[in-house]
Amino acid sequence: MNTRTINSINPRLTQLVTGAMLVFSAAAIAAPPGSGVTPPAPDETEVNDTWSQRDVLTGSDGCRWERTYLGHLGEYDPNQPDTAVCVTTFELGCDASNDDGNGFGGTNQWARFGGSAALFIEPALGFPGDWAPIPRIAVSGKGSYIGTSPVAAMHNQVGRFEMYVEFYNSSGNFISREVYEGELTGGDSEVFFHNIPVPPTTRDFDVIVNPLAEEFGDVDFYEIEGLRPLSDYVVTVRGLNHRNPGWAQLDTILTQWSLAAAVPAFQNDDICNTPGCYNPGSRLVCRTNSQGRLIVSVTGWDDFDNDGLSDSQGYRHRATGGYYLHVRYTCNLGCADIDGNCTVDFSDLNELLDRWGETCDQ
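Concerning the overall build of the protein
Scanning the protein from terminus to terminus reveals one helix and 19 strands. The buried share of the protein, reckoned over its 362 residues, is 49%. For the protein, the exposed area adds up to about 16200 Å²; of that, 52% sits on carbon and sulfur atoms.

Take a look at the structure:
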């Protein structure tokens with residue numbers, strides 16, 4: 001068995017831990033709320049997953065207007081199963097089984113949301129390149145598949161799940177993955193996956209069951225109205241990934257859309273992603289139409305076409321968590337417009353003389 005670590009499975013696979021909603025401010029992302037603290041409800045109203053389903057938010061045509069709206073990537077469905085997995089490669093029973101996950105260096109982080117993971121499974125016979133298809137992988141509810149027993153116990157778990165089978169070569173390098181979906185229906189129900197194809201150079205493979213399938217792949221569309229016509233607004237998205245053990249920053253993609261048709265106009269992935277600077281939030285300067293409206297969408301990396309799927313991997317994008325959508329009007333007059341009416345005139349000069357010696361902080 002090679003010595004690759006849990007974290008080498010997939011850099012984004014470590015973002016798999018659920019958490020509570022965050023408290024945000026316009027200036028910074030707050031820490032997770034303390035015990036007994038009720039976080040604010042998002043301004044968005046699901047389902048707002050497409051251009052035609054967009055939420056309408058109220059803005060203002062005030063000269064120095066700005067506002068922060070709260071959103072959440074991830075449509076949590078409490079009707080999700082706590083899973084167990086049984087992998088059969090040669091024996092009649094389970095060559096490998098797992099109930100609550102054993103990832104992240106033995107910290108059992110996956111157990112927090114009921115996931116299952118069977119890692120570093122090698123061929124029962126043969127060498128790399130000698131694999132036949134995997135005969136069977138079974139998924140059932142918590143408490144099934146104790147040891148090598150392939151018998152599903154009564155569990156009464158109900159709901160959908162996703163299963164990823166990921167293949168690695170003898171150097172521990174990722175080759176490819178197969179993605180499957182299934183649904184448990186209570187009782188001792190289980191779902192079987194047969195004859196799963198294996199790439200020729202496979203040395204070992206991982207099986208990861210994600211019971212929160214609906215949490216992944218969310219896209220949020222917004223129309224903000226009541227703004228100044230044909231004017232520029234800075235739109236910024238920042239958030240935290242609830243399912244990352246360290247509450248890492250939410251990796252988002254922000255898109256501005258045409259109001260005449262559902263086509264993207266401009267798009268931003270990272271606010272900053274250069275040496276010494278990393279900010280996976282998103283920011284755009286968006287111009288309103290003649291009615292003072294703009295449409296934007298928020299999705300996760302790397303869903304550049306806003307369909308909820310990772311463009312490079314094919315599974316639902318894994319960005320889940322609370323975020324703020326900050327919208328600010330750019331006057332373009334800088335500190336000269338002291339009284340904030342978007343006009344530089346004698347009233348600004350009088351204000352300047354009255355405030356001589358103060359620091360301009362716009």
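Continuing now.
As for the side chain of His155
Its location among the elements puts His155 in the loop between β6 (134-141) and β7 (158-168). Side chain to side chain, His155 and Ser140 meet in a polar contact 3.1 Å long. Contacts of His155, omitting those with residues within four sequence positions, involve Ser140, Gly141, Lys142, Ser144, Leu184, Gly186, Gly187, Asp188 and Ser189.

Focus: a nonpolar patch on the surface
A contiguous nonpolar patch, built from Phe346, Leu349, Leu352, Leu353 and Trp356 and spanning about 620 Å² of accessible area, is present on the exposed surface. Considering the arrangement of structural elements, one finds Leu353 in helix α1 (residues 346-354).

Focus: the pattern of salt bridges
All chains considered together, the criterion is met by five salt bridges. Where Asp43 meets Arg67, a salt bridge forms, and the shortest distance between an N and an O atom there is 3.5 Å. Of the two residues, Asp43 sits in the segment before β1 (55-58) while Arg67 sits in strand β2 (residues 66-73), which places them 24 residues apart along the sequence. Arg54 is paired through a salt bridge with Glu223; the nearest N and O atoms lie 2.7 Å apart. Of the two residues, Arg54 sits in the segment before β1 while Glu223 sits in strand β11 (residues 220-225), which places them 169 residues apart along the sequence. Judged by relative accessible area, Arg54 falls into the partly exposed class, the value being 23%. For Glu223, a relative accessible area of 6% puts it in the buried group. Sharing partners across several salt bridges, the network here consists of Arg54, Glu223 and Arg293.

Considering the state of the cysteines
All chains considered together, the criterion is met by two disulfides. There is a disulfide in this structure between Cys86 and Cys94, and the S-S distance comes to 2.0 Å. Disulfide Cys86-Cys94: torsion about the S-S bond near -110°, hence left-handed. Cys272 shares a disulfide with Cys277; S-S distance 1.8 Å.

Overview of the sheet that holds strand β4 (residues 96-98)
Two pairing modes exist for strands in a sheet, parallel and antiparallel, and in both the strands are linked by backbone hydrogen bonds. One open sheet holds the four strands; their spatial order is β4-β3-β6-β9, and the pairing between them is antiparallel. The open sheet has two edge strands with one neighbour each: β4 and β9 (191-196). The sheet shows a mean angle of 10° between the axes of neighbouring strands, taken without regard to direction. As judged from the five bridges shared by β6 and β9, these two strands associate in the antiparallel manner. The partner of Val139 across the bridge, within β9, is Val191.

Digging into the environment of Val47
Along the chain, Val47 turns up in the segment before β1. With a relative accessible area of 44%, Val47 lands in the partly exposed category.

The rules we used
- Residues numbered from 1 in each chain as written.
- Predicted model: local features only at pLDDT ≥ 70, side-chain atom pairs only at ≥ 80, totals over all residues.
- Heavy atoms only, no water.
- Helix = DSSP H or I, 4+ residues; strand = E, 2+ residues; numbered from the N terminus.
- Buried < 20%, exposed > 50% of the residue type's maximum accessible area, 1.4 Å probe, protein only.
- Areas by Shrake-Rupley, 256 points an atom, 1.4 Å probe, with all protein chains shown as cover.
- Polar contact = N/O pair within 3.5 Å; in protein donor to acceptor, adjacent residues only side chain to side chain.
- Contact = heavy atoms within 4.5 Å.
- Patch = residues over 30% accessible without salt bridge, like charges linked within 9 Å, V, L, I, M, F, W, Y side chains within 5 Å.
- Salt bridge = Lys/Arg side-chain N within 4 Å of Asp/Glu carboxyl O.
- Disulfide = S-S within 2.5 Å.
- Pairing = 2+ DSSP bridges.
- Axes fitted to C-alpha atoms, helices over the stretch in contact; angles between N-to-C directions.

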